[in-house]
Amino acid sequence: MSINRVNISGNLTRDPELRATASGTQVLSFGVAVNDRRRNPQTGEWEDYPNFVDCTMFGTRAEAVSRYLSKGSKVAIEGKLRYSSWERDGQRRSKLEVIVDEIEFMSRGQQGEAGGYAPAPSYGQQGGYAPAPAPQQAPAPMAAPAPMAAPVPPAVDVYDEDIPF
């Protein structure tokens, strides 16, 4: 058995491209830049080196997601690797891409009415979009409740031999 799972987070390198197959399936393509840190042998300083990852998403979610992404958007992606090879102009070509199963938007949204930021929406296999809850107004002031005694948890004796590791 083998495992083919990928988790990355980074910024989009270009605006996403939405197209449709002949059968009508939506296909969203975009690139994500993921940094790697290495020590520069000449200076001894740590430097960021970008890795550029092609990502593809299919189906009705692809169309919905395309409306929220743009160049520079920060995203977290979970998916699987897919290798493709073909021949063009007599030259053999190939690429490794991530087929997106889950995507979470990590860029801050526009400021809300309350001055905070709305949480980033997330698209999963179940589909659908759960919008950020609307800001609620503060409740009207009420009289302070009578103080209650906090319950005291029962004393628990823990011994080293009770710990399972």
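Residues numbered from 1 in each chain as written. Predicted model: local features only at pLDDT ≥ 70, side-chain atom pairs only at ≥ 80, totals over all residues. Heavy atoms only, no water.

The name given to the protein chain in an unreviewed UniProt entry is Single-stranded DNA-binding protein, with Collinsella intestinalis as the source organism. Under the heading Function (unreviewed entry), UniProt records this for the protein chain: "Plays an important role in DNA replication, recombination and repair. Binds to ssDNA and to an array of partner proteins to recruit them to their sites of action during DNA metabolism." Within the UniProt record for the protein chain, the comment given under Subunit (unreviewed entry) is "Homotetramer." (UniProt positions renumbered as here; feature names shortened; annotations may be inferred.)

A.B. asks: Quick question: what am I supposed to make of the pairing of strand S5 (residues 74–88) here?
C.D. replies: Within a regular beta strand, the side chains point alternately toward one face of the sheet and then the other, so they alternate between its two faces. Sheet analysis places strand S1 (residues 6–12) next to S5, joined by 6 bridges and oriented antiparallel. By the bridge assignment, serine 9 is partnered in S5 with alanine 76. The pairing of S5 with strand S6 (residues 91–105) spans 14 bridges and is antiparallel. Bridge pairing in S6 places tryptophan 86 opposite arginine 93. (Pairing = 2+ DSSP bridges. Helix = DSSP H or I, 4+ residues; strand = E, 2+ residues; numbered from the N terminus.)

A.B. asks: Looking at this model, I keep getting lost on the nonpolar core. Mind explaining?
C.D. replies: Note that soluble globular proteins tend to have their nonpolar side chains buried in a common cluster. In terms of nonpolar packing, the biggest core is built from 18 residues, with Phe30, Val32, Cys55, Leu69, Val75, Ile77 and Ile103 touching the most fellow members. Those elements giving two or more residues to this core turn out to be S1, strand S3 (26–39), strand S4 (46–58), helix H1 (60–66), S5 and S6. (Core = buried A, V, L, I, M, F, W, Y, C linked by side-chain atoms within 4.5 Å. Buried < 20%, exposed > 50% of the residue type's maximum accessible area, 1.4 Å probe, protein only.)

A.B. asks: I would appreciate a short explanation of the environment of asparagine 40 in the present structure.
C.D. replies: Its place among the elements puts asparagine 40 in the loop between S3 and S4. Overall, asparagine 40 belongs to the buried group, its relative accessible area being 11%. If we skip the residues at most four places from it in the chain, asparagine 40 touches Glu45 and Glu47. For asparagine 40, the side chain forms a polar contact with the main-chain nitrogen of glutamine 42, separated by 2.8 Å. (Contact = heavy atoms within 4.5 Å. Polar contact = N/O pair within 3.5 Å; in protein donor to acceptor, adjacent residues only side chain to side chain.)

A.B. asks: When you look at unusual backbone geometry in this model, what are you seeing that I'm missing?
C.D. replies: Of all residues except glycine, most have a negative phi; of all peptide bonds, most are trans. A positive phi angle, near 55°, is found at aspartate 89, a position not held by glycine. Its relative accessible area of 73% is what places aspartate 89 among the exposed residues.

A.B. asks: Explain the environment of glutamine 26 to me, please; I cannot follow it from the model alone.
C.D. replies: Within the element layout of this structure, glutamine 26 appears in strand S3. As for glutamine 26 and phenylalanine 58, which are separated by 32 residues in sequence, their C-alpha atoms are 5.6 Å apart. Excluding its chain neighbours within four sequence positions, the residues that come into contact with glutamine 26 are Leu18, Arg19, Ala20, Met57, Phe58, Gly59, Ala62 and Glu63.

A.B. asks: When you look at the pairing of S6 in this model, what are you seeing that I'm missing?
C.D. replies: Of the pairings in the sheet, the one linking S4 to S6 comprises 3 bridges and is parallel in character. Each bridged residue has a counterpart across the sheet, and for cysteine 55 the counterpart in S6 is valine 98. Taken together, S5 and the strand that follows it, S6, pair antiparallel across an intervening segment of 2 residues, in which aspartate 89 is found at a positive phi of about 55°.

A.B. asks: Would you mind going over the pattern of salt bridges with me for this structure?
C.D. replies: A pair can form between side chains of opposite charge whenever their charged atoms are brought close. For the coordinates displayed, the defined rule picks out 7 salt bridges. Measuring nitrogen to oxygen at the nearest pair gives 2.9 Å for the salt bridge that ties arginine 5 to aspartate 101. Here aspartate 101 lies in strand S6 and arginine 5 lies in the segment before S1, a separation of 96 residues in the sequence. The class for aspartate 101 is buried, based on a relative accessible area of 10%. Put simply, arginine 14 and aspartate 54 hold a salt bridge, and the shortest N to O gap is 3.7 Å. Residue arginine 14 is located in the loop between S1 and strand S2 (17–20), and its partner aspartate 54 is located in strand S4; the two are separated by 40 residues in the primary sequence. Judged by its relative accessible area of 36%, arginine 14 falls in the partly exposed class. Salt bridges sharing partners connect three or more residues here, namely Arg5, Glu78 and Asp101. (Salt bridge = Lys/Arg side-chain N within 4 Å of Asp/Glu carboxyl O.)

A.B. asks: Sorry if this is basic, but what is going on with the side chain of glutamate 97 here?
C.D. replies: Relative to the elements of secondary structure, glutamate 97 occurs in strand S6. Polar contacts involving the side chain of glutamate 97 include one to the side chain of threonine 56, which spans 2.7 Å. A polar side-chain atom of glutamate 97 sits 2.6 Å from a polar atom in the side chain of arginine 82. Those residues in contact with glutamate 97 that lie beyond four places of it in its chain are Asp54, Thr56, Lys80, Leu81, Arg82 and Ser84.

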